[in-house]
Amino acid sequence: MKQTWLSTNFFVFFFTWGIFLPYWTVWLITKGLTAQQAGIVISIGLLVRAFSTSYIFPALCKRYWLSHVSLIVAFLSLIILVCFLPFNNLAWLMLVMVFFSLIYPMLLPINETKASILSKEENGIDYGKCRLWGSFGFILSSVLTGWVASKNANNIIYLFLLGNLFILILSLIRSPSSLRVKFSQRAGGSFELLKSKSFLICLLLSMVLQGTHAAYYNYGVIYLKHIGINSVYIGGILVLAVLAEIGFFYISNRVFTKFDVATMFLLAGIASIIRWSSVYFFENPLVFVFSQPLHALTFGLTHFAFMTFVNQYISKDKIPSAHGLYASLAMSLTTGVLTLVSGYLYLYSPGFPFLGMALVVAPSLFLCPMLKKLTRQSSTFQQLGA
């Protein structure tokens, strides 16, 4: 029952995430913004998101039960989202975006925190099989929103509102008792976590490996057009990566828990170098298609490695801060920075951003032996970096 509850939470949240990430720029343009102005609004949102997930979310978890935080964030997200509707002015849309980015992105670490606590305290919770429903939700919403947008791009926000309404309804359902907790006021926050060498290395590896997807997320479609892929087939090619991700999460608990965290990061890093360098060195549609399943390792295994580290080495009171930092730095800030780097490299060649990402990953692999040594010395966070 708890596994179904967690799976549903992932599915509904990532259904909305699959609308917000790829299509929010498209909807902003329907409000009369230029592509450049919409990009500015999105960029400001990314910066605000980095702050809210790393600082505001852990602070809320110390003041309120996690189940109450989930309800508060879901309610405020829906209210602020409605505020987008009446405005067409850049300044007002930017202001609403700031408030929305303070609240809505916190749903990402909220769900991961729920998963970590349930994995720690409840028997029989398979994180991978719960998380794959999030990937299913993302695919479904991406396809559905694409169809809705083809009819009328202004309808994107109504589908987004519907998804957020379901999140609110789900937040009203009684959560497992282990989530009806308030984290200790005495628990150290983000700065204390960053004093741990092993956590810092784990976070750095996650930042690099997740961040290097920036070239793929932002220039993958353009690159496919550059090498001659018809637009009709691009969506299907991109879906292959998410399908591989789903397959990974289905087997992750059964297969990859046999490996230590450092080995997982090493495998993810090697896969990243192979994936990004092959795209650069072979400007061939088939090579790109066959590189897509590596997303299971470059994204899926990186994420699973971080989750495993949190579950094994981070005490319960510090879980919100750990997931807040991950959402802020690995999933937002680093991706944003490497998006700018990719844009600069793209000026020279459509394939250069991928080569750049491979070169960014390579030196990070030297951190894996250090992480392996540190985690062997520790069994709980209280001992890490002591």
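Placed above this text is the structure.
Residues numbered from 1 in each chain as written. Predicted model: local features only at pLDDT ≥ 70, side-chain atom pairs only at ≥ 80, totals over all residues. Heavy atoms only, no water.

Right, let's get into the packing of helix H5 (residues 107–121) against helix H14 (residues 295–313). Between two packed helices, the angle of one axis relative to the other and the distance separating the axes together describe the packing. Between H5 and H14, the shortest axis-to-axis distance is 10 Å and the interhelical angle comes to 55°. By the angle between their axes, H5 is oblique relative to H14. Handedness of the crossing formed by H5 with H14: right-handed. On H14, the residues touching Glu112, Ala115, Ser116, Ser119 and Lys120 of H5 are His303, Met307, Val310 and Asn311. A breakdown of the residues in the contact of H5 with H14 according to their chemical character gives three nonpolar, four polar and two charged. (Axes fitted to C-alpha atoms, helices over the stretch in contact; angles between N-to-C directions. Helix = DSSP H or I, 4+ residues; strand = E, 2+ residues; numbered from the N terminus. Parallel < 35°, antiparallel > 145°, perpendicular 65-115°, else oblique. Left-handed = near helix turned anticlockwise from the far one by under 90°. Contact = heavy atoms within 4.5 Å. Nonpolar A, V, L, I, M, F, W, Y, C, P; charged D, E, K, R; others polar.)

Now for the packing of aromatic side chains. Counted under the stated rule, the structure contains 41 aromatic pairs. With centroids separated by 4.3 Å and ring planes inclined at 15°, the aromatic side chains of Phe306 and Tyr326 adopt a geometry described as stacked. Taken together, the residues span a long stretch of sequence, with Phe306 in helix H14 and Tyr326 in helix H15 (residues 319–346) at a distance of 20 residues. For the pair Phe306 and Tyr326, a shared accessibility class is recorded, and that class is buried. The ring of Phe14 is capped by Arg131, whose NZ or CZ atom sits 4.1 Å from the centre of that ring. (Phe/Tyr/Trp six-rings, centres within 6.5 Å; stacked < 30°, edge-to-face > 60°. Buried < 20%, exposed > 50% of the residue type's maximum accessible area, 1.4 Å probe, protein only. Lys NZ or Arg CZ within 6 Å of the ring centre and 35° of its normal.)

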